[in-house]
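Each chain is listed here by its residues.
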Amino acid sequence: MDSPVRIENLPYEVLERILSAVSVSAEDVISCSTTCKYLNGVCQRNSLWKVKFRQHYAHTYAFSESSAREKVDWRARFTATYRCRRRLVQCVFALSRTFVWSMYHDYEWPDIPRRALALYETLFQEELGEANMFYILDECHNILSSDSESMDLTLKYYAEKVYNHIYDKCVISTRWRDFTQLPQECLKYSYEQGLLWVVVSLQTKPAVCNVKLVSLHLDALAKETLVYIKTRYPEHPICEKTLSKLDYSRETASVWKGEHCSHIMQAVHHVIRHISNFRISNSLCESGPDHYCIDRVLVNKKGSSKLILVIESCVANRLGVHTEVHKSSSGHVLDTWKLYYIGQDGTSGYATACALCREDATALSIVHEDWQEGQTVDAPGMCKAIIQQIVFLAECWLKSDRWQAGEPALYDLLDEETYHQPIRLLFTAWQHVEHWKMSKLYHYMHQHLRVAETRQTLGKLLHLSILLRINSKLTLEKLLNFRRRMGQPPNTMRDLLRMLASVDKRARTRVAELKNLLSSGAGNYSSLNPLASVPWPHGWPGGEMVQKRRVDRKSWQVQFAVGEVLEQRGGDLCVVYDWDSMCVESEDTLVLMGETGLAHGTDQPFYRVLTDGGSARYLAQENLRHARQPRHLKNPLIGRYFTAFIYPFYIPNPQKAYEYPEDPNIREQNALSLKLKFAANE
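Note that the coordinates shown come from a computational prediction; the quantities given were computed from them, not determined experimentally. (Residues numbered from 1 in each chain as written. Predicted model: local features only at pLDDT ≥ 70, side-chain atom pairs only at ≥ 80, totals over all residues. Heavy atoms only, no water.)

K.L.:
Help me get a handle on the overall build of the chain, residues and values and all.
P.N.:
Each helix and strand counted, the chain has 29 helices and 13 strands in total. When each of the 682 residues of the chain is scored for burial, the buried share is 51%. When contacts within the chain are restricted to residue pairs at least 6 apart in sequence, those whose partners lie at least 24 apart make up 69%. Carbon and sulfur atoms make up 51% of the accessible area of the chain, which amounts to about 32800 Å² in all. (Helix = DSSP H or I, 4+ residues; strand = E, 2+ residues; numbered from the N terminus. Buried < 20%, exposed > 50% of the residue type's maximum accessible area, 1.4 Å probe, protein only. Contact = heavy atoms within 4.5 Å. Areas by Shrake-Rupley, 256 points an atom, 1.4 Å probe, with all protein chains shown as cover.)

K.L.:
If you had to explain the sheet that holds strand S3 (residues 322-327) to someone new, which residues and values would you point to?
P.N.:
Taken in spatial order, the four strands of this open sheet run S5-S4-S3-S6, and their pairing is antiparallel. The open sheet has two edge strands, strand S5 (348-350) and strand S6 (375-377), and neither has a second partner. The average angle at which neighbouring strand axes cross in this sheet is 40°, direction not considered. Bridge count between S3 and S6: three bridges; the pairing is antiparallel. Bridge pairing in S6 places valine 325 opposite valine 377. In this fold helix H15 (residues 258-275) packs onto S3 and strand S4 (338-342), with an angle of close to 150° to the strand it touches most, S4. Its contacts with the sheet put helix H17 (residues 305-318) on S3 and S4, and the angle it makes with S4 is roughly 20°. (Pairing = 2+ DSSP bridges. Axes fitted to C-alpha atoms, helices over the stretch in contact; angles between N-to-C directions.)

K.L.:
For the environment of leucine 95, give the residues involved together with the corresponding values.
P.N.:
Examined against the element boundaries, leucine 95 turns out to sit in helix H7 (residues 85-99). Taking the C-alpha atoms as reference, leucine 95 lies 9.5 Å from lysine 161; in sequence the two are 66 residues apart.

K.L.:
Before we move on, can you summarise the packing of helix H14 (residues 211-232) against H15 with the specific residues and values?
P.N.:
Between H14 and H15, the least distance of the axes is 9 Å, while the angle of their chain directions is 115°. With respect to H15, the axis of H14 lies roughly perpendicular. Regarding H14 and H15, the two cross each other, and that crossing is right-handed. On the side of H14, the interface is formed by Leu221, Glu224, Thr225, Tyr228 and Ile229, while H15 contributes Ile264, Ala267, Val268, His270, Val271, Ile272 and Ile275. (Parallel < 35°, antiparallel > 145°, perpendicular 65-115°, else oblique. Left-handed = near helix turned anticlockwise from the far one by under 90°.)

K.L.:
Can you tell me about the nonpolar core, naming the residues and giving the values?
P.N.:
Of all hydrophobic cores here, the largest spans 154 residues; its most connected members are Leu95, Ile136, Ile311, Val315, Met382 and Ile386. A per-element tally of this core places helix H11 (residues 153-180) first, with 14 residues. If near-sequence neighbours (up to four positions away) are discounted, valine 315 is found in contact with Leu218, Leu221, Ala222, Thr225, Val268 and Ile272. Core analysis: the next-biggest nonpolar cluster, separate from the first, contains eight residues, Leu462, Leu476, Leu479 and Leu480 among them. (Core = buried A, V, L, I, M, F, W, Y, C linked by side-chain atoms within 4.5 Å.)

K.L.:
Provide a residue-level description of H14, including the pertinent values.
P.N.:
Taking 1.5 Å as the rise per residue, H14 with 22 residues should run 32 Å; its terminal C-alpha atoms sit 31 Å apart, in good agreement. Among all positions in H14, only Val214, Leu218, Leu221, Ala222, Thr225, Leu226 and Ile229 are buried. Projection of H14 onto a plane perpendicular to its axis shows the buried side chains occupying an angular sector of 145°, all on one side. Residues of H14 that are exposed and point over 90 degrees away from its buried face: Lys212, Leu216 and Thr231. (Expected span 1.5 Å × (residues − 1). Arc of directions from axis to C-beta.)

K.L.:
Describe the pattern of salt bridges, naming the residues involved and giving the relevant values.
P.N.:
Scanning the entire structure with this criterion turns up 18 salt bridges. Between arginine 45 and glutamate 16 there is a salt bridge whose closest N-O contact spans 3.3 Å. Of the two residues, arginine 45 sits in the loop between helix H3 (37-43) and helix H4 (46-56) while glutamate 16 sits in helix H1 (residues 12-19), which places them 29 residues apart along the sequence. A relative accessible area of 11% means that glutamate 16 is categorised as buried. The shortest N-O distance in the salt bridge between aspartate 612 and arginine 631 comes to 2.8 Å. On the criterion of sequence distance, the pair formed by aspartate 612 in the loop between strand S9 (606-611) and strand S10 (616-620) and arginine 631 in the loop between strand S11 (624-626) and helix H27 (638-641) is long-range, its members being 19 residues apart. (Salt bridge = Lys/Arg side-chain N within 4 Å of Asp/Glu carboxyl O.)

K.L.:
Please set out a nonpolar patch on the surface residue by residue, giving values where relevant.
P.N.:
On the surface, a cluster of nonpolar side chains totalling about 300 Å² of accessible area is made up of Ile7, Leu10, Val14 and Ile18. Structurally, isoleucine 7 is set in the segment before H1. (Patch = residues over 30% accessible without salt bridge, like charges linked within 9 Å, V, L, I, M, F, W, Y side chains within 5 Å.)

K.L.:
Residues and numbers for the packing of H11 against helix H13 (residues 191-202), please.
P.N.:
Between H11 and H13, the shortest axis-to-axis distance is 10 Å and the interhelical angle comes to 165°. With respect to H13, the axis of H11 lies roughly antiparallel. Between H11 and H13 lies a crossing of left-handed hand. Of the residues in H13, those in contact with Tyr167, Val171, Ile172, Arg175, Trp176 and Phe179 of H11 are Gln193, Gly194, Trp197, Val200 and Ser201.

K.L.:
How would you explain the packing of aromatic side chains if you had to name every residue and give the values?
P.N.:
Ring pairs (aromatic) are described by centroid distance and by the angle formed between their planes. Counted under the stated rule, the structure contains 24 aromatic pairs. Between tryptophan 176 and tryptophan 197 the ring centres are 4.5 Å apart and the planes differ by 45°, which places this aromatic pair in the tilted class. Linking tryptophan 176 in helix H11 with tryptophan 197 in helix H13, this pair joins segments that are 21 residues apart in sequence. Given the relative accessible area of 3%, tryptophan 197 is considered buried. Taking the centre distance of 6.4 Å and the plane angle of 70° together, the rings of tyrosine 641 and phenylalanine 642 count as edge-to-face. In this pair, the class of tyrosine 641 matches that of phenylalanine 642, namely buried. One aromatic cluster is present, formed by Trp49, Phe53, Tyr57, Tyr61, Trp74, Phe78, Tyr82, Phe124 and Tyr135 through successive ring pairs. Against the face of tryptophan 74 rests arginine 77, its NZ or CZ located 5.7 Å from the ring centre. (Phe/Tyr/Trp six-rings, centres within 6.5 Å; stacked < 30°, edge-to-face > 60°. Lys NZ or Arg CZ within 6 Å of the ring centre and 35° of its normal.)

K.L.:
Requested: an account of the sheet that holds S10, with residues and values cited.
P.N.:
The five strands lie next to each other as S10-S9-S8-S7-S11, forming an open sheet whose pairing is antiparallel. In this open sheet, the two edge strands, each paired with only one partner strand, are S10 and S11. Each adjacent strand pair in this sheet contributes to an overall mean axis angle of 50°, direction not counted. Relative to S9, strand S8 (residues 573-580) runs antiparallel, the two sharing six bridges. Looking at the pairing, valine 576 lines up with valine 609 of S9.

K.L.:
Let's hear about the state of the cysteines: which residues, and what values?
P.N.:
Evaluated as defined, the whole model comprises zero disulfides. Cysteine cysteine 32 remains unbridged, with the sulfur of cysteine 43 as its closest cysteine sulfur at 4.2 Å. (Disulfide = S-S within 2.5 Å.)

K.L.:
I'd like a description of the environment of arginine 232, backed by residues and values.
P.N.:
On the secondary structure map, arginine 232 appears in helix H14. Classification of arginine 232 as partly exposed rests on a relative accessible area of 46%. C-alpha separation for the pair arginine 232 and histidine 263, spaced 31 residues apart in sequence, amounts to 9.3 Å.

K.L.:
Before we move on, can you summarise the confidence of the model for the chain with the specific residues and values?
P.N.:
Across the chain, the average pLDDT comes to 80, with 78% of residues at 70 or higher. Under a pLDDT of 50 for its full length, residues 363-368 has, in the predicted model, 14 contacts with residues more than four places off or in other chains. In this model residues 523-544 is a low-confidence stretch, pLDDT under 50, and it forms 46 contacts with partners more than four residues away in sequence or in other chains. (pLDDT = per-residue confidence, 0-100.)

K.L.:
Run through unusual backbone geometry, naming residues and quoting values.
P.N.:
Cis geometry marks the peptide bond from tyrosine 647 to proline 648; its omega dihedral reads 10°. Along the chain, proline 648 turns up in the loop between strand S12 (642-646) and strand S13 (649-652). The phi torsion at asparagine 277 lies on the positive side, around 60°, for a residue other than glycine. Following the sequence through the fold, asparagine 277 ends up in the loop between H15 and strand S1 (279-280). Residue class for asparagine 277 comes out partly exposed when judged on its relative accessible area of 47%. Unlike most non-glycine residues, lysine 301 shows phi in positive territory, near 55°. With respect to the helices and strands, the residue lysine 301 is situated in the loop between helix H16 (294-300) and strand S2 (302-303).

Put into structure tokens, the structure is as follows:
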């Protein structure tokens, strides 16, 4: 009779392979180690903890592997690194306490300045040494990638701020520097490396560009092209090569004659466009610039005309054809590119489009087919052109929104005439534009400034910083000097000087307060609660910290509370994050918000709300009502004021709850009455 199968009969290697799965967390491994002595032995293996460390702290692992000179105890390193998590969470929450009030005043301290975020660069210097920033990057990535419903939205909001700052400093800047420092003969035509950097630079959310997967996709296209060549051009000398020996990616010149190079270029084009069915789309989608990221283009088989052309160049390079990307001499941002090949015998020419592509009107073309000569685009120039096209499309995206709103072009942020207008007019003209759209444009412009520093881009970036409230004293000084160099009249500088004075007055206090919180370790969450520190450490503009209470007849008319999910006129959902017992904004603002022709005028409660589309609006009470089916909304600013969505409303974070101490009772009473009302109707 066979003995029963027991877990002890399985080899260590099998159990380790099971525990090494991504779905098995480090906490699961610890729990498994307490079940029996045999599993405890498996869970103590150094190779297992090396895998877990790589899964949980990818950037830290890569840095540790490159700098390690002796054997590493990965379990001990994982434990030491994991112990820093609690302190990091509390330090991220410290941002909420220090900068929560910034959005209420145009001329007060705006959003989180870079020098405040720079304090996190040395947060764990003593514990982790040079791996400090890589650990913060990994831990913030884990927070943002968590799908747990219990994850604090405020924590996610500020973790993203820290993540973007560290990612830009640690990853984007470093990889661009390494890319541009390649030898000139390698850098000029390193199109594939340039496309990989574009992917890294355009990421605004935690994601990983799988370099190996990109290479595998390009290799697969090269092999598919070889199969097609053997069918279409059986006399071609490349047909003697086998799939396993197909590797010309490191060659700096063509290995075939010009005629044979032309055949290969035609075959590559046919395979990519008509066999693999890659589609052209030059637009920007709301999820991001997917059509300009090579990893997503290869998976989705849909991308911009320029990117697909460069992919053809990368595949042709694998087949032994040296190609150059050429652009026309017109210099338009939407110019069509062409591939220029140079054969081994010196014969050269442009890869011409096939008859099917000439009839395809999906590609946006500025250059005519009869152009004779173009300018060479090297790899850094390709990165610059792709980023520039993304910025151009993002600007058109925002312009179309503003034109539909009937806004005059005089206050156009993207026109130099804007610089002749006071900053106050910019705030008025751009109040209705969604925050997340401007944030994306800011990110694209920041990357464009990195690859091509021009006065025009710098001016746009500085003015956009003001609109997004992410400027600091240094940014304001740069903007002031920028306007002075352009010869602007003094009356357009008054708003800037007022903002600079206000920022300079409060900058040191707030950054010093954050520095003290970080140095003390922000021991517990209660220390971050405003109730534990009254009066407010840095004060309220003009006096003590003010709480909004329903103590007069005006405030008694306020029907809704902070955190309630409401329905606008038209059916769109929104959440309240602030209210006024009567309108405190100007008539211009009400016109921009569409709040005209009100039955009760401006002598009624008004609410600041975050909409499901990503914008922030100022709406009258008569145009709002309780939502019949409340749900979690998609707005990048929700985490700034709320910790979680617990049906049917949002829970304010400690700072927002302190500002509106009486709203929790109103919120719960409204939720109960609505539940009874809807139940009775059903």
